Amino acid sequence: MTSLQERLRRLKGGGPGVASVPAAVAPAESVRASASEPAPCSSSIPAQVSAPASAPVSDSATARLTERTRGAAEDSGEQMLFPDDHRRRDDAVDGPASAARSEHDAELDAEHGAMAEQDAPKDLAQARPRRLAERLRRLAPSRAWTKNRPVISEQELASQLGAEVVADGVLCLDRSWPLRRRHGRVAPADCIEALAALLPTAPAQPEGWLLLDTETSGLAGGTGTWVFVFGAARFDGDCLRLRQHLLTRLDAEPAFIAAIAADLAGASLLISYNGKSFDLPLLETRFRLSGRVAPLAATPHLDLLHGVRRAFASRWPDCRLATAERHLLGFVRDDDLPGSQAPEAWLDWLRGGDPRRLGAVLRHNRLDLLSLAALVPALAAVERAPLDYDADSVSLARHLARRGEHDKALAMLSAAHGRLDVAGLLLLASLHRRRGDWPRAVAVWDALAAQDEQAAIEALAKYHEHRSGNLRRALALAKRIACHAERTRRCARLEYKIHSELVGKPPCCLDRRGR
């Protein structure tokens, strides 16, 4: 009984050695109390994402975002933004009891600072205040913004960004860029004439071309990744019209998807950078989750990342858009918000109403759209003169050959003949053979066969057997083939043909295949 009474006394804070526990636990108790109180205009906000007062968020949508964010944080080694075991404290951090919370924060900070100067705690009761203070501080990264500032409304946010509210939770920013105004060294107006060089099947009318780029809550993809900025650019007279839609509330995604569908309507060609692998699959997922059919599958698509990789994957350390801008456009971004920080900027708004970096996110997205328009003529110039840009002529010529433009591929390789590697020389000989220019093809194969290149030796053996009729030369080359099965089969067939020419009939021990 004495032991039970002692344990009850300690739980109430009256036991020896735990005098500091009530002071540390008091904030948590006030957190639980405040979490049960209704917050004005935000009673429906879940614990994981504390949205602005004017932006209620659905529980199911927030749960999906929480799961995605937790996985991204674990992958990157960073602390999770929405731990499940802190839900009630999250509610209190953004709840109405901000004045009381500020007092608790000051107490916790002072207590944590005092304990940090002492030795390690002697028991769990002494360690508890430090851990509680650290956890509360981590749970409110936007507290510096929300502590003394009122939460702004969507209309005020739209006014700050220069946008307009097109639906509850959806903002639209509309801008124009003169086509003759340069982006780096290139003007978007050159895109209209240069696009046919990159995509011969492109529609002739540029009014139907749509350049698109998205900003998302992460890079994992799937149902846990949200699209919160959709940027689209169209050619409109002598301007490039840039339209951006911003999602400010998770429960407004159906209206956001409807606005995206309106932008995509009538598009005859999509132009993106890594859109085939990332942007479009993610958009299709969000369309399906909203109960709509994505109007993207049947639309022709030009992914400029593929062209950059063909030309420079073997030359540059990476093929990111910023690298292509620097090398091909002469454009270097100053004071630009990195794309990796865009999800954090959006979550700052959702959780605490902090709009300070949303404008930088939209500016980053606009620069991406302008770079898409400028990269089209830049890549067309690379294909015309790859040596001027130190591009991979072999990779570009192989792409032209697959596209059926063999004459262009041959001209490109012929211009770079002195710089070609073995793969480039074999491709050059193959293009000569395709045109029926056997002397030039044989000259290339002979040079490679002298270096014991197996593909050239086999090509020469076939040529002398089937074209020139020099069976002895073909047999000598066949004996140099490294593959035993191929060498045996070819040599037997050539010996059969040579014997037939000498005596007029094949030897009785061999059939017509040399077996």
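Residues numbered from 1 in each chain as written. Predicted model: local features only at pLDDT ≥ 70, side-chain atom pairs only at ≥ 80, totals over all residues. Heavy atoms only, no water.

**Brief notes about the nonpolar core**
For clarity, the cut-off: By convention a nonpolar core is built from buried Ala, Val, Leu, Ile, Met, Phe, Trp, Tyr and Cys residues, the set being connected through side-chain atoms within 4.5 Å. Throughout, exposure labels follow a simple rule: accessible area from a 1.4 Å probe, protein chains only, divided by the maximum for the residue type, with under 20% read as buried, over 50% as exposed, and the rest as partly exposed. For the purposes of this entry, the term helix denotes a DSSP run of H or I that reaches at least four residues, the term strand denotes a run of E that reaches at least two, and both are numbered from the N terminus. Working rule for contacts: check all heavy atoms of both residues, and any pair within 4.5 Å makes them a contact.
Formed by 83 residues in total, the largest nonpolar core has its most connected members in Leu-240, Tyr-273, Leu-304 and Trp-445. Among the elements that make up this core, the one with the highest residue count is helix 15 (residues 358–384) (12 residues). If we ignore the near neighbours within four places in the chain, the residues touching Leu-240 are Arg-175, Ser-176, Trp-177, Leu-179, Leu-211, Ala-233, Arg-234, Phe-235, Leu-370 and Ala-373. Formed by 44 residues, the second largest nonpolar core is a distinct cluster that contains Ala-163, Val-170, Phe-278 and Leu-347.

**A short note on the confidence of the model for the protein chain**
Rules: A score from 0 to 100, pLDDT tells how confident the predictor is in each residue.
Averaged over all residues, the pLDDT of the protein chain is 78; the fraction at 70 or higher stands at 69%. Ignoring residues within four places in sequence, the model shows residues 14–58, a span with pLDDT below 50, making 95 contacts including any to other chains. Note on residues 69–124: pLDDT is under 50 here. Beyond four places in sequence and across chains, it has 84 contacts.

**Looking at the pairing of strand 2 (residues 170–178)**
Inclusion rule: Any two strands with at least two DSSP-identified bridges between them are counted as paired.
Two elements, strand 1 (residues 164–167) and strand 2, share 3 bridges in a ladder whose sense is antiparallel. Counterpart to Glu-164 in the pairing with strand 2 is Cys-172. Linking strand 1 back to strand 2 in an antiparallel pair, the connection comprises 2 residues, with Gly-169 at a positive phi of about 90°. As defined by bridge partners, strand 2 adjoins strand 5 (residues 239–247) across 9 bridges and the pair is classed as antiparallel. In the strand pairing of strand 5, Leu-173 is matched with Gln-244.

**Observations concerning the sheet that holds strand 6 (residues 269–272)**
Applied cut-off: Comment: axis = line fitted to C-alpha atoms, over the contacting stretch for helices; angle = value between 0 and 180 degrees taken between N-to-C directions.
Read from one edge to the other, the open sheet built from 7 strands follows the order 1-2-5-4-3-6-7, with strand pairing classed as mixed. The sheet terminates laterally at strand 1 and strand 7 (301–303), the two strands that pair on one side only. For this sheet the average axis-to-axis angle between neighbouring strands, irrespective of direction, equals 25°. Each of strand 3 (209–216), strand 4 (227–236), strand 6 and strand 7 touches helix 11 (residues 275–289); the most contacted strand, strand 3, lies at about 75° to it.

**Re the pairing of strand 5**
Inspection of the sheet shows strand 4 paired to strand 5 by 8 bridges, in the antiparallel sense. Of the residues in strand 5, the one forming a bridge with Phe-230 is His-245. Between strand 4 and strand 5, which pair antiparallel in sequence order, lie 2 residues; one of them, Gly-237, sits at a positive phi of approximately 65°.

**Considering the packing of aromatic side chains**
For clarity, the threshold we go by: Only Phe, Tyr and Trp rings take part, Trp by its six-membered ring, and two of them pair if their centres are within 6.5 Å. Stacked means planes under 30 degrees apart, edge-to-face means over 60, and tilted covers everything else. Charges are assigned to positions over rings by a cutoff of 6 Å between ring centre and Lys NZ or Arg CZ, combined with an angular limit of 35 degrees from the ring normal.
Summed over the entire model, instances satisfying the criterion amount to 5 aromatic pairs. Centre to centre, the rings of Phe-312 and Trp-316 are 4.1 Å apart; their planes meet at 5°, and the pair counts as stacked. Judged on exposure class, the residue Phe-312 and its partner Trp-316 are both buried. Residues Trp-438 and Trp-445 carry aromatic rings whose centres are separated by 6.5 Å and whose planes lie at 55° to one another, so their mutual orientation is tilted. No difference in accessibility class separates Trp-438 from Trp-445, as the two residues are buried. Following the ring pairs from residue to residue traces out a cluster consisting of Trp-438, Trp-445 and Tyr-463. Directly above the ring of Trp-226 sits Arg-286, whose terminal nitrogen or CZ lies 4.5 Å from the centroid.

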